[in-house]
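Letter by letter, the chains look like this.
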Amino acid sequence: DQQVKQNSPSLSVQEGRISILNCDYTNSMFDYFLWYKKYPAEGPTFLISISSIKDKNEDGRFTVFLNKSAKHLSLHIVPSQPGDSAVYFCAARAWDTGRRALTFGSGTRLQVQP
Amino acid sequence: DAGITQSPRHKVTETGTPVTLRCHQTENHRYMYWYRQDPGHGLRLIHYSYGVKDTDKGEVSDGYSVSRSKTEDFLLTLESATSSQTSVYFCASTGGPNTGELFFGEGSRLTVL
C-alpha cells in the first residue's frame, strides 16, 4: 500500500510557464514533507521542504503547498526552465518513528520544452 | 553537499552469487539508509542504521542484510542475488535530531543475470 502517491508519471510544460507537480499521502502521522529532484545517473538531491504546521514554503522559483485536510501537497515551479527537466520525488516523514526514514512517491518526470 | 560515496557504481553478477555494496560518508552522520529505486515504485527503504552496530529493517528487507562497524561505513549484502534484486541502490545519511533532509549518494546499478 503506497502511503505517498504521485499519480502523474510525467508532465511536459513550456519554458517560462508554471509547472505543478502533485502528491497525495495517506498516513496521518506524516509531519514533514520534502521534494527531491533527480537527474539521470545521479542521486536524488533535496529541493524544498515543508513542516505540517505550515501550509506554504517558498524558495526562489519553487513553492510547496500543503493541504492537510486533503492530505495533498504540490510543488510549483515558476518560471519553468529547461534545466528543471528531471524526475521529482515527493517524500514524507512520520513523527512517530525514531528512524527518520523518508517514504517516497513513485516520481513525476518533468520535461520543460524550450 | 554531504560527502557520500558508493561502490561499486555498476555491477553485473549472476544469480546465486553474493554481492556487497559499500557506502561511505564523511559527515559523521548518525543515521544511514539503503534504498532501492525501481520503475513505478520510487525509492523503497531496505534497511537503515541509527548508530554503529544498530540496524533495523525497512519495507523491502527480504534477501538483504546490512552491517555498520564504523560511523562512516554502511554495507549492504545480498547473500544470494536474484534477478528481482536487479535495481539501482542508493545510500543516504542524515545528522542532527531535527534534520528532515536525507543526503544521497550517486547510486549503484546492480544487474543480476
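Draft legend 1. View of the overall build of chain A. When you go through chain A residue by residue, the secondary structure sums to 0 helices and 11 strands. Counting from the amino terminus, helix and strand elements in chain A follow one another as β-β-β-β-β-β-β-β-β-β-β. On C-alpha atoms alone, chain A measures out to a radius of gyration of 14 Å, which is about the 13 Å that the 2.2 N^0.38 rule sets for 114 residues. For chain A, contacts bridging at least 24 residues in sequence account for 54% of all contacts bridging at least 6. Of the roughly 5500 Å² of accessible surface on chain A, 48% is carried by carbon and sulfur atoms. In chain A, which carries 13 positive and 10 negative side-chain charges, the distance between the mean positions of the two groups comes to 2 Å.

Draft legend 2. Representation of the interface of chain A and chain B in the model. Across the boundary between the two partners, chain A contributes 20 residues, which contact 24 residues of chain B. Across the chain A/chain B interface, buried area totals approximately 1700 Å², and carbon plus sulfur atoms make up 54% of it. Summed over the three residues of chain A that lose the most area to chain B, namely R99(A), R100(A) and F104(A), the buried surface amounts to 39% of that side. For the pair chain A and chain B, the interface holds 0 salt bridges. Only β4 (30–38) and β9 (86–94) of chain A provide two or more residues apiece to the side of chain A that touches chain B. A per-element tally of the side of chain A that touches chain B places β4(A) first, with 4 residues.

Draft legend 3. Region of the structure containing the sheet that holds strand β1 (residues 4–7) of chain B. Residue and element names in this part refer to chain B. Within the open sheet, the 4 strands sit side by side as β1-β3-β8-β7. Their pairing is antiparallel. Two strands lie at the open edges of the sheet, namely β1 and β7 (64–70), each paired on one side alone. Direction aside, neighbouring strands of the sheet carry axes that sit 20° apart on average. For strand β3 (residues 19–25) and strand β8 (residues 73–78), the ladder comprises 6 bridges, and the chain directions are antiparallel.

Draft legend 4. Focus on the packing of aromatic side chains. A complete count under the given rule lists 15 aromatic pairs over all chains for this structure. Relative to Y50(B), the ring of Y48(B) has its centre 6.2 Å away and its plane inclined at 45°; by these criteria the two rings are tilted. Taking relative accessible area as the criterion, Y48(B) reaches 8% and is therefore assigned buried. Through successive ring pairs, a cluster of aromatic residues spans Y36(A), F46(A), F89(A), F104(A), Y33(B), Y35(B), Y48(B), Y50(B), F90(B) and F104(B).

Draft legend 5. The arrangement of a nonpolar patch on the surface in detail. Residue and element names in this part refer to chain A. A cluster of nonpolar residues, I18, I20 and V78, forms a patch on the protein surface that exposes about 220 Å² of accessible area. Summarising the element assignment, I18 is placed in the loop between β2 (10–14) and β3 (19–25). We classify I18 as partly exposed; its relative accessible area is 40%.

Draft legend 6. Region of the structure containing the state of the cysteines. Residue and element names in this part refer to chain A. As enumerated under the stated definition, the model contains 2 disulfides over all chains in all. Residue pairing for C23: its cysteine sulfur links by disulfide to C90, the two sulfurs lying 2.1 Å apart. Between C23 and C90, the S-S torsion sits near -75°, and that sign places the bridge as left-handed. Separated by 67 residues along the polypeptide, C23 in strand β3 and C90 in strand β9 bring together distant segments of the chain. Like C90, C23 is buried.

The rules behind the values
Residues numbered from 1 in each chain as written. Chains lettered and ligands numbered in written order. Predicted model: local features only at pLDDT ≥ 70, side-chain atom pairs only at ≥ 80, totals over all residues. Heavy atoms only, no water. Helix = DSSP H or I, 4+ residues; strand = E, 2+ residues; numbered from the N terminus. Rg over C-alpha atoms; globule rule 2.2 N^0.38 Å. Contact = heavy atoms within 4.5 Å. Areas by Shrake-Rupley, 256 points an atom, 1.4 Å probe, with all protein chains shown as cover. Lys, Arg positive; Asp, Glu negative; His and termini not counted. Charge placed at Lys NZ, Arg CZ, Asp CG, Glu CD. Buried area = accessible area lost by both parts, 1.4 Å probe. Salt bridge = Lys/Arg side-chain N within 4 Å of Asp/Glu carboxyl O. Pairing = 2+ DSSP bridges. Axes fitted to C-alpha atoms, helices over the stretch in contact; angles between N-to-C directions. Phe/Tyr/Trp six-rings, centres within 6.5 Å; stacked < 30°, edge-to-face > 60°. Buried < 20%, exposed > 50% of the residue type's maximum accessible area, 1.4 Å probe, protein only. Patch = residues over 30% accessible without salt bridge, like charges linked within 9 Å, V, L, I, M, F, W, Y side chains within 5 Å. Disulfide = S-S within 2.5 Å.

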